Amino acid sequence: MNLTFLGASGGLGGSVTANNGSTCVQVADDILIDVGTGITALNLPQMQKIRHVFLTHSHSDHICCLPMLLGNLFNVANTEHPVTVYGSHDTLEAIREHVFNWVVWPDMRELPSKEKPLLRLQEIEAGEVFQFGDITLEPFKTYHTVPTLGFAVRRTGRQTVFVADSGYAQSVVANLNALGPIDDIILECSFPNELETVANQSCHLTPALCEKLLSELAVQPLNIWINHLKPDVEQQIIPQLPSAWKLL
Ligand SMILES: Nc1ncnc2c1ncn2[C@@H]1O[C@@H]2COP(=O)(O)O[C@H]2[C@H]1O
């Protein structure tokens, strides 16, 4: 597994997963994917090392702690080492309009000054490859109610694929197959089987939909990890998961 899950829950108050904050994934000391409440697993000096934040999508369980993380970086990041937030056009548009709008939070692209800002936003697209030392990140499209990117993370010959929020779609199967053999796949499983209608409406997975998606992969991943259980139904989901799958 190339990733450390600081938060793996699909909401607040989950209790069955070890990482019960909402989605926040550490790729390296200075790189995160998403900034849900799981970021609170880091202490202040650890938070102050972060310089690269990749966002999967704009939903609040994935971005809610980004403003306060940037607040903690205000006096340590500088123009030589600014913070870059990477996301799709739609995700960055959403946080520009609804978060960094001087009402919910100051626009940190203009602070401490427009000339020397703390924050830069970088639009990314599926298929672009980002290299940080021996780590490679490649975003791919998932299927969700807002445009969402998953990330393939490669390091020392091992491929970990974080599928982020996604319902079942043949396009997702195709995108996963295009990544080649997967060592670790991290699938969301937000709802139990009896709530498949809600799962489909909200573009999420159930245990049965996870099995369907996996059965259509050309090569089975070595390890299957589950995250993003909705706290209010986690007790219903757990018994429906095959015993070989691991809960994050
Ligand atoms: N019809 C729906 N469409 C979208 N979200 C829904 C719907 N019904 C319930 N939700 C909830 O709203 C949440 C928004 O964030 P998530 O996509 O993580 O999970 C979603 C569901 O828990």
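In what follows, the structure referred to is the one given above.
Cut-off values and rules
Residues numbered from 1 in each chain as written. Predicted model: local features only at pLDDT ≥ 70, side-chain atom pairs only at ≥ 80, totals over all residues. Heavy atoms only, no water. Near = heavy atom within 4 Å. Polar contact = N/O pair within 3.5 Å; in protein donor to acceptor, adjacent residues only side chain to side chain. Nonpolar A, V, L, I, M, F, W, Y, C, P; charged D, E, K, R; others polar. Core = buried A, V, L, I, M, F, W, Y, C linked by side-chain atoms within 4.5 Å. Buried < 20%, exposed > 50% of the residue type's maximum accessible area, 1.4 Å probe, protein only. Helix = DSSP H or I, 4+ residues; strand = E, 2+ residues; numbered from the N terminus. Contact = heavy atoms within 4.5 Å.

**Q** Honestly, the site of the ligand in this entry has me stumped. Any pointers?
**A** Taken together, His59, Asp61, His144, Asp165, Phe191, Gln201, Ser202, His204, His228 and Lys230 make up the full set of residues adjacent to the ligand. At a separation of 3.5 Å, an oxygen atom of the ligand approaches a polar side-chain atom of His59. Take His144: an N or O atom from its side chain is 3.2 Å from an oxygen atom of the ligand. Broken down by class, the residue content of the shell around the ligand amounts to one nonpolar, six polar and three charged.

**Q** I tried to follow the nonpolar core on my own but got confused; where do I start?
**A** Side chains of nonpolar character tend, in soluble globular proteins, to be buried together. Residues Val161, Leu176, Ile185, Leu187, Leu213 and Ile226 are the most contacted members of the largest nonpolar core, which totals 29 residues. Elements supplying a minimum of two residues to this core: α5 (170-178), β11 (184-188), α7 (207-215) and β12 (223-227). No other element matches α7, which puts four residues into this core. The residues contacting Ile226, other than those within four sequence positions of it, are Leu187, Cys189, Cys210, Leu241, Trp245, Lys246, Leu247 and Leu248. Counting residues in each nonpolar core, the second largest holds 27 residues, with Leu6, Leu55, Phe100 and Leu119 among its members.

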